[in-house]
Every structure is written in C-alpha cells, then in structure tokens.
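# Fold and geometry: a report
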Amino acid sequence: SQTIHQWPATLVQPVGSPLSLECTVEGTSNPNLYWYRQAAGRGLQLLFYSVGIGQISSEVPQNLSASRPQDRQFILSSKKLLLSDSGFYLCAWSVGLAGNYEQYFGPGTRLTVT
Amino acid sequence: AQSVTQPDIHITVSEGASLELRCNYSYGATPYLFWYVQSPGQGLQLLLKYFSGDTLVQGIKGFEAEFKRSQSSFNLRKPSVHWSDAAEYFCAVASAGTASKLTFGTGTRLQVTL
C-alpha cells in the first residue's frame, strides 16, 4: 500500500530564516505531487504541483519554491520566511495518469513564523 | 475556472441526528467531485468521490453524497451522526488534465453535541 510522509510535523522559525519541508511517498511510482497551504479558518490553497522529476508548476506567486529531486520526493523551500508564511502545509500525491483525479494527503506540517 | 462553495461555515448537530453538508460547484464540463474530512491537526482523508454513473455515491464511515447536475450540487449526508464525526469537511472539484488539480471549498466545521 501507499504511504506519504511529511516532516517535520511542527516547526517554529524566525522571520528571515530559511525553510525546508520534505515530503516522500512510498509504494507507488511516477506520482503527481502537490503542496498546499491551509491558513487558519480557510480552505486549501494549491501552491505547487509536479508531474515528474524536475518538473514544477507554481500556482501562486510567493516567497516559496519547490523542488523534486527524486521521483517520490517533494521539497518546499524558502530563502527568507515572512510572517505570512505561517500555516499548515500539506503534501499530497495522485496516480500519475490522466483521468486519475483523487489525491491522498500526508499528515501535514504546522509552520509558525515568529 | 472551476470553483466550489460551501455555504455553511459551522454546523452543530446532536449525536444520532441526520446530517447534510452543502456543496455547490462551478465547472464547465462533467465534474469530478470529492468530499474530504480533516480532524484537527491532521491531513485530509478521502470520504467519497463522484466521477460518473450513479448519482448517489457511498463512501466510508457511513457517508453518502448525491450529485445533482441541475442544481450544481454535491451534498454530503449521513443518517445518524456519531460524536467521532466532529471534524472539518471539504468539498473539492478536479480539473481535467494530467496534473489532476483540485479546487477546494472553504470547508464546513461540524460540531456534534452529546
């Protein structure tokens, strides 16, 4: 069966510090991968998605970037965090074939920028 | 562009009572629709999905949803709510294409009173 991992689970970082959040998927090959942010009391905002190694699409211009160095690894980064980057970050995967639309989510990372 | 509206931000029901959570979507073609549930501090779990065929779909945990094209709705129902159903519920619509991106509603928080 497939499993998705995210770490760290929680993170407190000062403004201006760098960020690296990691997501890995087990039990599948060539998945589509996604990063979402969930702000308090709001829905999910798609930040980035990837359909293959090195292929990143950005949905919202912002202070963050994403990379996919390996097939089942997806990394969310920032060089300098802003207060507005605080939130709950969720990674998700879907089967990498056209017509497969359901996504499966990881446990999330709670980021607090102070 | 597609959109999802969940008009109820917060709903309170008594344990054992029936539940209906509303979801309205906007999408130009045949929609692919989902309901997810999120417990506090956790990731999202897929409850059920509609792709085509029977407009009444069954999901996990005793939930069902009915697709009504004429009303652009995909409401979630449960005949008898349990205290453990207290969570946030998200409706989502998928866009066609390789990346299968989801657009989420802002969620409905369900509180269950004993």
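Here's a quick rundown of the structure. Chains are numbered independently. Their residues run from 1 in the order of the written sequence. A letter from A marks each chain and a number from 1 marks each ligand, given out in the order of writing. Where totals are concerned, whole chains, interfaces and linings use all residues; where local detail is concerned, this predicted model gives features only for residues with pLDDT of at least 70, and gives and counts side-chain atom pairs only at 80 or more. Hydrogen atoms and water are omitted, and side-chain values are computed over all heavy atoms in the structure.

## Looking at the pairing of strand E9 (residues 87–94) of chain A
All names here are of chain A.
- Partly exposed describes any residue whose relative accessible area lies between the buried limit of under 20% and the exposed limit of over 50%, with all areas from a 1.4 Å probe on protein chains only and scaled to the type maximum. The way it works is that DSSP assigns letters per residue, a run of H or I at least four long becomes a helix, a run of E at least two long becomes a strand, and they are numbered from the N terminus. Most of E9 is tucked away: eight of the eight residues are buried.
- Any two strands with at least two DSSP bridges between them are considered paired. In this structure, strand E4 (residues 32–38) lies alongside E9, joined through seven bridges in antiparallel fashion. Residue pairing in the sheet places Trp35 in a bridge with Cys91 of E9.
- Two strands pair when backbone bridges link them, and E9 and strand E11 (residues 109–113) are joined in this way by three bridges, in the antiparallel orientation. Note on E11: the bridge partner recorded for Phe88 is Arg110.
- Both E9 and strand E10 (residues 104–105) contribute to a ladder of two bridges, which runs antiparallel.

## A look at the side chain of Gln2 of chain B
All names here are of chain B.
- Along the polypeptide, Gln2 turns up in the segment before strand E1 (3–5).
- Looking at Gln2, its side chain comes within polar contact range of the side chain of Thr103, at 3.3 Å.
- The contact criterion used is simple: two residues touch if any of their non-hydrogen atoms lie within 4.5 Å. Discounting chain neighbours no more than four positions away, the residues touching Gln2 are Ser26, Tyr27, Val93, Ala94, Ser95, Lys101 and Thr103. In the analysis that follows, any N or O atom pair within 3.5 Å is treated as a polar contact, provided that within protein one partner can donate a hydrogen and the other can accept it, and provided that, for residues neighboring in sequence, both atoms belong to side chains.

## Brief notes about unusual backbone geometry
- Each neighbour pair has its own omega, and for Trp7 of chain A with Pro8 of chain A the value is 0°, a cis peptide bond.
- Note on placement: Pro8 of chain A falls in the loop between strand E1 (3–7) and strand E2 (10–13).
- Look at Lys61 of chain B: it is not a glycine, yet its phi comes out positive at around 60°.
- Within the secondary structure layout, Lys61 of chain B lies in the loop between strand E7 (56–58) and strand E8 (64–68).
- If you check the backbone angles, Ser72 of chain B has positive phi at about 50° while not being a glycine.
- Within the secondary structure, Ser72 of chain B is located in the loop between E8 and strand E9 (73–78).

Keep in mind these numbers describe shape, not what the thing actually does.
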